[in-house]
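# Architecture and fold: a report
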Amino acid sequence: AHSPMRRIRELVNAVQLAYPQDHFFDRFAESCREDPAKREAYRTYDDALRWLDPDSWEILKSKAVAHFRNHREGQLKQGFFNQLNESFAYRHLVRQGYRGVRILPEHGRRVPDIEYLEGRWRRHCEVKTIGISQEEIARRASGKAFSNVYVRLGDRFFSKLRNTIAAARSQIQAQGTTGLVYVVV
């Protein structure tokens, strides 16, 4: 039987080993038991992580640990979770029937996140995460209640989406291939 959240627990252990002074994951198991929303969020990641082949898992784990301290005020551990989002794209590609799907390691230069085969052609997938806006961070920090703020997405969101996709496409084209831009919002 599959042990619950095995890969997430392995990742939490790796983070705690790398950053013993960081308390983000203190009481992780207890807080997941006490908070159903938190448990569900991490289960969602674990489900995607379980699709990764062993090499891709090791690469993604090391990328996530390396980016663990990358964040901005109001969006803690943003870089860490952005790395984990690559597992959603990996799972999507496998479910679509692509072969040779693998997470690529970082080499200092900009390379796409995932490589896969479409027939006999090598393709690349760049995963981009659009996080919450500075406006939303301020809204959350205010302690005030807001309603219907996302009924209509504004021009700034669509401009950011267009720019994000354009940047990802140029990263893929720099490899001399085509592929897929996978956006997590």
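With that settled, the discussion passes to helix α1 (residues 6-18). With 13 residues, α1 extends 18 Å from end C-alpha to end C-alpha; this agrees with the ideal 18 Å at 1.5 Å per step. Inspection of α1 places Arg7, Ile8, Leu11, Val12 and Val15 among the buried residues, and these make up the whole buried set. Take α1 and look down its axis: the buried residues cluster within an arc of 140°, on one side only.

Ordered in space as β1-β2-β3-β4, the four strands form an open sheet in which the pairing is mixed. Either end of the sheet is taken by a strand with one partner, and the two such strands are β1 (99-103) and β4 (179-184). The average angle at which neighbouring strand axes cross in this sheet is 20°, direction not considered. Note: β1 against strand β2 (residues 114-118), three bridges, orientation antiparallel. Bridge pairing links isoleucine 103 to isoleucine 114 in β2. Lying over the sheet, helix α6 (residues 86-95) contacts β1, β2, β3 (121-129) and β4, oriented at roughly 180° with respect to β1.

Attention shifts here to the side chain of asparagine 85. With respect to the helices, strands and loops of the structure, asparagine 85 is situated in the loop between α5 (78-84) and α6. Overall, the relative accessible area of 3% leaves asparagine 85 in the buried class. A distance of 2.9 Å separates a polar atom in the side chain of asparagine 85 from a polar atom in the side chain of threonine 129. Here asparagine 85 is in contact with Tyr45, Val127, Thr129 and Val184, once residues within four sequence places are set aside.

Let us look at the nonpolar core. Counting residues in each nonpolar core, the largest one holds 32 residues, and the members touching the most others are Ile8, Phe25, Tyr42, Phe80, Leu84 and Ile114. Once residues lying within four places of it in the same chain are set aside, the contact partners of isoleucine 8 are Phe28, Tyr42, Tyr45, Asp46 and Leu49.

The next thing to look at is the layout of surface pockets. As a volume, the second largest pocket reaches approximately 420 Å³. Every residue lining the second largest pocket is counted, 21 residues in all, and those nearest its centre are Gln83, Glu106, Arg110, Asp113 and Glu126. Every element with two or more residues in the lining of the second largest pocket is listed here: α5 and β3.

On to the packing of helix α3 (residues 36-49) against α6. One way to put it is that α3 packs onto α6 with a least axis distance of 8 Å and a crossing angle of 50°. In terms of orientation, α3 and α6 fall into the oblique class. The chirality of how α3 crosses α6 is left-handed. Listed contacts from α6 to Thr44, Tyr45, Asp47, Ala48 and Leu49 of α3 are Ser87, Phe88, Arg91 and Arg95. Looking at side-chain class alone, the contact of α3 with α6 contains four nonpolar, two polar and three charged residues.

Now for α6. Along an α-helix, residues three or four apart share an orientation, since each turn contains 3.6 residues. Extensive coverage of α6 is indicated by the burial of seven of its 10 residues. Along α6, the residues that are buried comprise Glu86, Ser87, Phe88, Ala89, Tyr90, Arg91 and Leu93. Where α6 ends, the next residue or the one after it, glycine 97, has phi of about 95°, a positive value.

Looking now at the pairing of β3. Pairing of β2 with β3, which is carried by five bridges, proceeds in the antiparallel orientation. Bridged to leucine 117 within β3 is arginine 122. Inspection of the sheet shows β3 paired to β4 by six bridges, in the parallel sense. Residue histidine 124 lies in a different strand from β4, and its bridge partner there is glycine 179.

About the cut-offs
- Residues numbered from 1 in each chain as written.
- Predicted model: local features only at pLDDT ≥ 70, side-chain atom pairs only at ≥ 80, totals over all residues.
- Heavy atoms only, no water.
- Helix = DSSP H or I, 4+ residues; strand = E, 2+ residues; numbered from the N terminus.
- Expected span 1.5 Å × (residues − 1).
- Buried < 20%, exposed > 50% of the residue type's maximum accessible area, 1.4 Å probe, protein only.
- Arc of directions from axis to C-beta.
- Pairing = 2+ DSSP bridges.
- Axes fitted to C-alpha atoms, helices over the stretch in contact; angles between N-to-C directions.
- Contact = heavy atoms within 4.5 Å.
- Polar contact = N/O pair within 3.5 Å; in protein donor to acceptor, adjacent residues only side chain to side chain.
- Core = buried A, V, L, I, M, F, W, Y, C linked by side-chain atoms within 4.5 Å.
- 1 Å grid on protein atoms, 1.4 Å probe; cavity = no way out; pocket = protein on both sides within 12 Å on 5 of 7 lines; lining within 4 Å.
- Points joined across faces, edges and corners; volume = space filled by probe spheres on them.
- Parallel < 35°, antiparallel > 145°, perpendicular 65-115°, else oblique.
- Left-handed = near helix turned anticlockwise from the far one by under 90°.
- Nonpolar A, V, L, I, M, F, W, Y, C, P; charged D, E, K, R; others polar.

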